[in-house]
Amino acid sequence: MTTALLYIAALLGLAISWQQDRDKTRAALQRAAKSFGGILPALAIVVLLVGLVLALLSPEFIARLMGAGSGWVGMVLTSLIGAVTLIPGFVAFPLAASLLQRGAGVAQIAVFLSTLMMVGVVTAPMEMKYFGRRATLLRNGLAYLYSFGAAAVVAAVVGAVIR
Amino acid sequence: MKLRRFLPVALLVAIDLVILAMAPDTGRTVFRLTGSSLLEMASILPPVFLLLGLLDVWVPRETVIRLLGTASTWRGTLLSLLLGAAAAGPLYAAFPIAAVMSRKGASYRNILVFIGAWSTLKLPLVLFELANLGSAFALTRMAINVPAIVLMATLIDRLVTPAERELPSLEAND
């Protein structure tokens, strides 16, 4: 769906651009090819890491780990899983909802989703190519710490609403 | 030099092969998932880079500086938030976009706000979160995420050196 939209937008843009100015369009294509080629080595690392991590941390395995831990231990555990995995939202949210129904804590689920979205350990090689090592570590580190604060607030609000 | 660049790739493939030899079932899963993630990235990234190439050629630097540059004030921050939230696609697609924004003169802080919004404020994702986890959960997270994204961007902006604020364009032949 997202991908189809991206292709439509890209091809439409390309057609309009070609019609307006062929030389500029050629330059755009060259730029696109060059910058795509520039990121390929980092991309190869990311693809291999994703395959490895997803195989070792299957959704079933994650569900078991999250069921096992509660309190701070559970939050640290789930935050680490969230930080290293790369699960798309349409898998992660239903998984989170079903875990909540099965008795997982709101704070644990919130820290999992927050780290999942904001912290990217497996995509860090690619991020470092653009932002450098230090800024990548800063962004991911801050997002990781923030996820705990965010989870505490979400848990407090959800708890207050339910009561 | 060239060889060193592919050392991590060779190492990871070696790990995959060891797993395949020791635990064939897990090994096959590793290769299947690596294949599908390769397919996903190979399908998402070409249109992203194509659009980037077009933006690069057609959008004037002055426009980007005016809208998102260091003098763009809170309007630039708001626009960065909206651009990130309106995005589609995984976070790794945002990094090359950030590089083009940087070359066009967007401020480093606004680029970080854009990345932050992309990571966790994407509209389709927020709607999906609302449907699955309820409004108390999703809206609370969103309400604290907005100021947190801006705050963290400001903090990182203060902590990095001027050289780190310039993102490289990563050309293939260097």
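These numbers were taken from a predicted model, which means no experiment stands behind them.

Draft legend 1. Highlighting the overall build of chain B. Regarding its fold elements, chain B presents 10 helices and 0 strands. Seen in sequence order, chain B has helices and strands lined up from the N terminus as α-α-α-α-α-α-α-α-α-α. At 20 Å, chain B has a C-alpha radius of gyration far larger than the 16 Å of a compact globule built from 174 residues. With the C-alpha coordinates of chain B rotated into their principal frame, the extents come out at 55 × 50 × 30 Å.

Draft legend 2. Region of the structure containing the overall build of chain A. In terms of regular secondary structure, chain A is built from 8 helices and 0 strands. Along chain A, from the amino end to the carboxyl end, the secondary structure elements read α-α-α-α-α-α-α-α. Computed over C-alpha atoms, the radius of gyration of chain A comes to 20 Å, more than 25% over the 15 Å expected from 2.2 N^0.38 for 163 residues, which places it beyond the range of a compact globule. Each principal axis of the C-alpha atoms in chain A carries an extent, and together these give about 65 × 30 × 30 Å. Burial analysis of chain A (163 residues in total) assigns 47% to the buried set. Considering only contacts within chain A whose residues lie at least 6 apart along the sequence, 77% involve residues at least 24 apart.

Draft legend 3. Summary view of the packing of helix α6 (residues 94–103) of chain B against helix α7 (residues 108–120) of chain B. Residue and element names in this part refer to chain B. Closest axis-to-axis distance for the α6/α7 pair is 10 Å, and the angle between their directions is 160°. Classified by the angle their axes make, α6 and α7 are roughly antiparallel. Crossing handedness for the pair α6 and α7: right-handed. Here Ala94, Ala98, Met101 and Ser102 of α6 come into contact with α7, specifically with Ile111, Phe114, Ile115 and Trp118. Per-class residue counts for the contact of α6 with α7 are 7 nonpolar, 1 polar and no charged.

Draft legend 4. The arrangement of the interface of chain A and chain B in detail. Every contact between the two is made by 65 residues of chain A and, on the other side, 64 residues of chain B. For the side of chain A that touches chain B, the secondary-structure elements that each account for two or more residues are α1 (2–20), α2 (22–56), α5 (89–101), α6 (106–118), α7 (124–131) and α8 (133–162) of chain A. Its residues placed into classes, the side of chain A that touches chain B shows 46 nonpolar, 12 polar and 7 charged.

Draft legend 5. Molecular detail of the nonpolar core. Formed by 100 residues in total, the largest nonpolar core has its most connected members in A:Val46, A:Ala96, A:Ala110 and B:Ala98. In terms of residue count, α2(A) provides more of this core than any other element does, 15 residues in total. With residues near it in sequence (within four places) discarded, A:Ala110 still touches A:Ala150, A:Ala151, A:Val154, A:Ala155 and B:Arg141.

Draft legend 6. Up close: the confidence of the model for chain B. Residues and elements named next belong to chain B. Across chain B, pLDDT averages 90, with 97% of residues at or above 70. When pLDDT is averaged over each element of chain B, α7 comes out on top at 96 and helix α1 (residues 2–5) at the bottom at 69. Predicted as a complex, the structure gets a pTM of 0.89 and an ipTM equal to 0.88.

Draft legend 7. Quick look at α6(B). Of all 10 residues making up α6(B), 9 are buried, and the element is well covered by its neighbours. Every buried residue of α6(B) is listed here: B:Ala94, B:Phe95, B:Pro96, B:Ile97, B:Ala98, B:Ala99, B:Val100, B:Met101 and B:Ser102. Buried-residue contacts for α6(B) involve α2 and α7 of chain A together with α3 (24–58), α4 (61–68) and α7 of chain B. B:Gly105 lies just past α6(B) and shows a positive phi near 105°.

Draft legend 8. Highlighting the environment of B:Glu164. Structurally, B:Glu164 is set in helix α10 (residues 162–165). Not counting the four nearest positions on each side in its chain, B:Glu164 is found in contact with A:Gly132, A:Arg134 and A:Ala135.

Draft legend 9. Structural detail: the confidence of the model for chain A. Per-residue confidence for chain A gives a mean pLDDT of 88, with 96% of residues at or over 70. Within chain A, the lowest mean pLDDT, 72, falls on helix α3 (residues 59–68) of chain A, and the highest, 94, falls on α7(A).

Draft legend 10. Up close: unusual backbone geometry. The backbone of B:Thr73 shows a phi angle near 50°, a positive value even though the residue is not glycine. Following the sequence through the fold, B:Thr73 ends up in helix α5 (residues 73–85).

Draft legend 11. Region of interest: helix α9 (residues 135–159) of chain B. Over its 25 residues, α9(B) runs 35 Å from end to end, which matches the ideal 36 Å to within 8%, given 1.5 Å per residue. Its axis deflected by about 30° at B:Asn145, α9(B) carries its strongest bend there, up to four residues before the proline B:Pro147. Looking at α9(B), one finds that the buried residues are B:Phe137, B:Ala138, B:Thr140, B:Arg141, B:Asn145, B:Ala148, B:Ile149, B:Val150, B:Met152, B:Ala153 and B:Ile156. Residues of α9(B) that are buried in the fold lie against α6 and α8 of chain A together with α5, α7 and α8 (123–133) of chain B.

Draft legend 12. View of the environment of A:Val91. All names here are of chain A. Locating Val91 in the fold gives a position in helix α5. Exposure remark for Val91: the 10 C-beta atoms within 10 Å place this residue in the exposed category. Each C-alpha atom of the pair Val91 and Tyr146 lies 23 Å from the other, and the pair is 55 residues apart in sequence.

Basis of the calculations
- Residues numbered from 1 in each chain as written.
- Chains lettered and ligands numbered in written order.
- Predicted model: local features only at pLDDT ≥ 70, side-chain atom pairs only at ≥ 80, totals over all residues.
- Helix = DSSP H or I, 4+ residues; strand = E, 2+ residues; numbered from the N terminus.
- Rg over C-alpha atoms; globule rule 2.2 N^0.38 Å.
- Buried ≥ 20, exposed ≤ 12 C-beta atoms within 10 Å, placed from the backbone.
- Contact = placed C-beta atoms within 7 Å.
- Axes fitted to C-alpha atoms, helices over the stretch in contact; angles between N-to-C directions.
- Parallel < 35°, antiparallel > 145°, perpendicular 65-115°, else oblique.
- Left-handed = near helix turned anticlockwise from the far one by under 90°.
- Nonpolar A, V, L, I, M, F, W, Y, C, P; charged D, E, K, R; others polar.
- Core = buried A, V, L, I, M, F, W, Y, C linked by C-beta atoms within 7 Å.
- pLDDT = per-residue confidence, 0-100.
- Expected span 1.5 Å × (residues − 1).
- Bend = angle between axes of the 7 residues up to and from the residue.

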